[in-house]
Amino acid sequence: MINLHDIRYVRLATDDLQSTVKYAQEILGLQQVRREGPFVYFRSDNRDHSVCYYEGNPAEHVVAFEVTTAEELDGAAAQLEAMRTPVKRGSRDESEMRRVEDFITFADPTGNKIDLVLRPHESSRRYHASRDAGIESFSHVGLRTTNAARDEEFWTTVCNARVSDRIGDAPLLRIDEVHHKIALFPSDHAGVQHVNFQVNSIDDLMRSYYFLVERGVPIRFGPGRHPTSGAAFLYFAGPDGMIYEYSTGVRLITADEERDYKPRQFPFGPTGFCMWGAKPNIEEFSV
Ligand SMILES: [Fe+2]
């Protein structure tokens, strides 16, 4: 079993690096840490970086998860290879670019590209962004799935994720105490559906709501509160069709609760996504 320790970064290709970088700084509120050739790295917390944008086909996305020991990384590679899942070991140069000590890369059954990284670097500097969006941390991704039941089985039996709740057939998966670090969204193709950052308070969420509306950034869903995780949320549009989310107040499922915890079922419709009455564009959350 592969033990995912935490979500670490996303790598998102873009066909307009300059405007994506501007958006990340001025709208999203991330801190640019470095530019290395076509790769631009952004922080949202103590991680060296949580987002890397680079010039390329905008359909290319990679999500990284951390494992804690070299033995676990080797074990993960062996387990995936035994399942006939192609695994590629990262080179020294590729590890250096990602600011990790070692990594392997593979794809989940839908084809989502995953890096499993060992000893990712922390930053020695305090995170501060040019726009104060109140971001506290990179927290989860919505990952597209072409078969939710199959991918739920992969993530839970191979990667030790646990189902916290389901909206329709789509599971919200935890790898630690946080209600979810991966949300699977039904789709006809692979990729990241949304990228989530936790903000400090509902005040930050509402400040951003007015900030974004004033600047003409399309709001995709919310403000609202998820009945699943209990988090207040705001989804909005980014470059290359990516959706970004700020949320606050996500539920923890503690070690004490873990033993008796049973996933709840919510309908795949507006009430499954929001308890305040905000209506998602269900198409956008399922295709
Ligand atoms: Fe989310």
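Residues numbered from 1 in each chain as written. Predicted model: local features only at pLDDT ≥ 70, side-chain atom pairs only at ≥ 80, totals over all residues. Heavy atoms only, no water.

Undergrad: Tell me about the pattern of salt bridges, and name the residues and values.
TA: As enumerated under the stated definition, the model contains 21 salt bridges in all. In this structure, aspartate 165 engages arginine 264 in a salt bridge whose closest nitrogen and oxygen atoms are separated by 2.9 Å. Taken together, the residues aspartate 165 in strand S10 (residues 162–167) and arginine 264 in strand S17 (residues 264–266) connect sequence positions 99 residues apart. For aspartate 165, a relative accessible area of 0% corresponds to the buried category. Put simply, aspartate 260 and arginine 259 hold a salt bridge, and the shortest N to O gap is 3.8 Å. Judged by its relative accessible area of 52%, aspartate 260 falls in the exposed class. A network of salt bridges, in which partner residues are shared, links Asp6, Asp45, Arg47, Asp176 and Lys181. (Salt bridge = Lys/Arg side-chain N within 4 Å of Asp/Glu carboxyl O. Helix = DSSP H or I, 4+ residues; strand = E, 2+ residues; numbered from the N terminus. Buried < 20%, exposed > 50% of the residue type's maximum accessible area, 1.4 Å probe, protein only.)

Undergrad: Go over the packing of aromatic side chains with me, naming the residues and quoting the values.
TA: This structure, assessed with the given rule, holds 14 aromatic pairs. An angle of 90° between the planes, with centres 5.5 Å apart, marks the rings of phenylalanine 154 and tryptophan 155 as edge-to-face. Assigned by exposure class, phenylalanine 154 and tryptophan 155 land together as buried. Here phenylalanine 221 and phenylalanine 273 contribute two aromatic rings whose centre-to-centre distance is 6.4 Å and whose plane-to-plane angle is 80°, an arrangement assigned as edge-to-face. Linking phenylalanine 221 in strand S14 (residues 219–225) with phenylalanine 273 in helix H7 (residues 270–273), this pair joins segments that are 52 residues apart in sequence. Residue phenylalanine 221 is classed as buried on the basis of its relative accessible area, which comes to 1%. What links up through ring pairs into an aromatic cluster is the set Phe221, Phe233, Tyr235, Phe268 and Phe273. Just above the ring of phenylalanine 211 sits the side chain of arginine 215; from NZ or CZ to the centre is 3.8 Å. (Phe/Tyr/Trp six-rings, centres within 6.5 Å; stacked < 30°, edge-to-face > 60°. Lys NZ or Arg CZ within 6 Å of the ring centre and 35° of its normal.)

Undergrad: Give me the lowdown on the sheet that holds strand S2 (residues 31–36), citing residues and values where you can.
TA: What links the strands of a sheet is backbone hydrogen bonding, and the strands pair in either a parallel or an antiparallel sense. Ordered in space as S2-S3-S4-S1-S5-S8-S7-S6, the eight strands form an open sheet in which the pairing is mixed. Looking at the sheet topology across the chains shown, the edges are occupied by S2 and strand S6 (88–89). Note that strand S3 (residues 39–43) and strand S4 (residues 51–55) share four bridges and pair antiparallel. Looking across to S4, one finds that phenylalanine 39 is bridged to tyrosine 54. Against the sheet, helix H2 (residues 70–82) makes contact with strand S5 (61–67), S6, strand S7 (102–107) and strand S8 (113–118), and its axis sits at roughly 25° relative to S7, the strand it touches most. (Pairing = 2+ DSSP bridges. Contact = heavy atoms within 4.5 Å. Axes fitted to C-alpha atoms, helices over the stretch in contact; angles between N-to-C directions.)

Undergrad: I'd like to hear about the coordination of the iron ion, residue by residue, with values.
TA: Between any two of four tetrahedral donors, the ideal angle at the metal is 109.5 degrees; between two of six octahedral donors, it is 90 or 180 degrees. Donor atoms from the polypeptide that coordinate the iron ion comprise His140 (NE2), His194 (NE2) and Glu245 (OE), at 2.0 to 2.2 Å from the metal. Counting gaps between the donor residues of the iron ion yields the pattern H-x53-H-x50-E. Of this pair, histidine 140 sits in strand S9 (residues 135–145) while glutamate 245 sits in strand S16 (residues 243–248), and the two are 105 residues apart along the sequence. You'll find histidine 140 and glutamate 245 in the same group, each marked buried. (Donors = N, O, S within 2.8 Å, 3.2 Å for Na, K, Ca; no water.)

Undergrad: Go over the environment of phenylalanine 185 with me, naming the residues and quoting the values.
TA: For phenylalanine 185, the position within the fold is in strand S12 (residues 182–186). For the pair phenylalanine 185 and threonine 146, spaced 39 residues apart in the sequence, the C-alpha separation amounts to 8.4 Å.

Undergrad: Can you lay out helix H4 (residues 148–158) for me, pointing to particular residues and giving the numbers?
TA: Within the span of H4, buried status applies to Ala148, Asp151, Glu152, Phe154, Trp155, Thr156 and Val158. Downstream of H4 by a residue or two, asparagine 160 has a phi angle that is positive, lying close to 65°.

Undergrad: Residue-level account of the domain arrangement of the protein chain, with values.
TA: Examined at the domain level, the protein chain breaks down into domain 1 (6–118) and domain 2 (135–273). Summarising the inter-unit geometry, the C-alpha centres of domain 1 and domain 2 are found 19 Å apart. With 36 residues of domain 1 at the interface, the matching set in domain 2 holds 39 residues. In total, domain 1 and domain 2 occlude about 2800 Å² of area from one another, counting both sides; carbon and sulfur atoms represent 68% of this. Applying the counting rule to domain 1 against domain 2 returns one salt bridge. In this structure, lysine 181 engages aspartate 6 in a salt bridge whose closest nitrogen and oxygen atoms are separated by 2.8 Å. Seen at the junction of domain 1 and domain 2, the total is 16 residue pairs in polar contact (both at pLDDT 80 or more). Sorting the residues of the side of domain 1 that touches domain 2 by element identifies strand S1 (6–14), helix H1 (17–28), S4, S5 and H2 as the ones contributing at least two each. When grouped by side-chain class, the residues that make up the side of domain 1 that touches domain 2 number 19 nonpolar, 10 polar and seven charged. (Domains from an automatic or database assignment. Buried area = accessible area lost by both parts, 1.4 Å probe. Polar contact = N/O pair within 3.5 Å; in protein donor to acceptor, adjacent residues only side chain to side chain. Nonpolar A, V, L, I, M, F, W, Y, C, P; charged D, E, K, R; others polar.)

Undergrad: I'd like a description of the UniProt feature "domain: VOC" (unreviewed entry) in the protein chain, backed by residues and values.
TA: On the UniProt side, "domain: VOC" (unreviewed entry) is annotated at positions that read residues 6–119 and 137–249 here. When the span residues 6–119 is considered, its composition is 28% helix and 40% strand, and the gap between its end C-alpha atoms is 11 Å. Annotation note: span residues 137–249, helix share 21%, strand share 46%, distance between end C-alpha atoms 12 Å. (UniProt positions renumbered as here; feature names shortened; annotations may be inferred.)

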